[in-house]
Amino acid sequence: DEHNPFYAIYLKGLNVIYGKPGSNKTFIALDIANRVALANPDRVVMFTAGEGGSGLYERQMAWETYNKKHVANFHVYDEALPLLNPEAVEEFKFWINDVKPVFIVIDTLARAMNGSNENDTAVMSHFVDACDKLMRDFDCGILLVHHTNAMGYLRGSSALDGGTDSILKVVPEDDQRIVYN
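Residues numbered from 1 in each chain as written. Predicted model: local features only at pLDDT ≥ 70, side-chain atom pairs only at ≥ 80, totals over all residues. Heavy atoms only, no water.

## What about the sheet that holds strand β1 (residues 14–19)?
Strand order in the open sheet formed by seven strands is β3-β2-β4-β5-β1-β6-β7, and the pairing between neighbours is mixed. In this open sheet, the two edge strands, each paired with only one partner strand, are β3 (74–77) and β7 (176–180). The average undirected angle you get between the axes of adjacent strands in this sheet is 20°. (Pairing = 2+ DSSP bridges. Helix = DSSP H or I, 4+ residues; strand = E, 2+ residues; numbered from the N terminus. Axes fitted to C-alpha atoms, helices over the stretch in contact; angles between N-to-C directions.)

## Describing the pattern of salt bridges
Counting across every chain of the model gives six salt bridges. Among the salt bridges present, the one from Lys93 reaches Asp137, with a minimum N-O distance of 2.5 Å. Within this pair, whereas Lys93 is found in helix α3 (residues 86–96), its partner Asp137 is found in helix α5 (residues 121–138), the two being separated by 44 residues in sequence. Lys93 sits in the buried class, given a relative accessible area of 12%. Through salt bridges with shared partners, a single ionic network connects Glu90, Lys93, Lys133 and Asp137. (Salt bridge = Lys/Arg side-chain N within 4 Å of Asp/Glu carboxyl O. Buried < 20%, exposed > 50% of the residue type's maximum accessible area, 1.4 Å probe, protein only.)

## A look at the packing of aromatic side chains
Counted under the stated rule, the structure contains three aromatic pairs. Summarising the aromatic geometry, the rings of Tyr77 and Phe92 are spaced 4.8 Å apart at their centres and angled 80° between planes, so their arrangement reads as edge-to-face. Here Tyr77, found in strand β3, pairs with Phe92, found in helix α3; they are 15 residues apart in sequence, far enough to count as distant. Like Phe92, Tyr77 is buried. Linked through ring pairs, Tyr77, Phe92 and Trp95 together constitute an aromatic cluster. Here the guanidinium or amino end of Arg59 rests over the ring plane of Phe27, the centre of that ring lying 4.3 Å away. (Phe/Tyr/Trp six-rings, centres within 6.5 Å; stacked < 30°, edge-to-face > 60°. Lys NZ or Arg CZ within 6 Å of the ring centre and 35° of its normal.)

## Here's the deal with the packing of α3 against α5
Where α3 contacts α5, the axes come no closer than 12 Å and their chain directions differ by 25°. The angle between the axes of α3 and α5 places the two elements in the roughly parallel class. Pair α3 / α5 crosses with right-handed handedness. Residue-level contacts link Phe92, Lys93 and Ile96 of α3 to Lys133, Leu134, Asp137 and Phe138 of α5. When grouped by side-chain class, the residues that make up the contact of α3 with α5 number four nonpolar, no polar and three charged. (Parallel < 35°, antiparallel > 145°, perpendicular 65-115°, else oblique. Left-handed = near helix turned anticlockwise from the far one by under 90°. Contact = heavy atoms within 4.5 Å. Nonpolar A, V, L, I, M, F, W, Y, C, P; charged D, E, K, R; others polar.)

## Some thoughts on the pairing of strand β4 (residues 101–107)
The element β4 is extensively covered by neighbouring structure, given that seven of its seven residues are classed as buried. Here strand β2 (residues 44–49) runs beside β4; their pairing, made up of six bridges, is parallel. The partner of Ala49 across the bridge, within β4, is Asp107. Sheet topology note: the β4/strand β5 (residues 141–147) ladder contains five bridges and is parallel. Each residue of the ladder has a partner; that of Asp107, found in β5, is Val145.

Put into structure tokens, the structure is as follows:
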């Protein structure tokens, strides 16, 4: 599909990218977001920066410099999006309603759960439902940035695994980052 420059991502689905701390999952999510934005110049890609929001601007400028492209339709929401808080979600939806995003990156899932137990199946199911509702409301896709557990697997309830369309695992290997789907 010429509108999906990163074939492991569903542009109309729920996607997860996860890895250990320092695996550069946010950099990879930023790269995906920019490529989706460039492929969809008439729609906005929104990046919610729940972790390291101030550093995201420098990362974006570095991406644009390296790729020699300015991405005007890449927008940053400079805080966590608490998806389990209906009032906060409505405020976010009001804020982005005029731009109608084609894709939303949520960095990180833990920050978007606003302190809820990500191991609880009912809570995670509610979180996945909130993502699904946001995707329906804006006819967009979502990429969740998430972490590994102590064993190196996707952290949290299996309701997340069951509710997503694509899961990418970032594995650092020497000076490279390998992404498995």
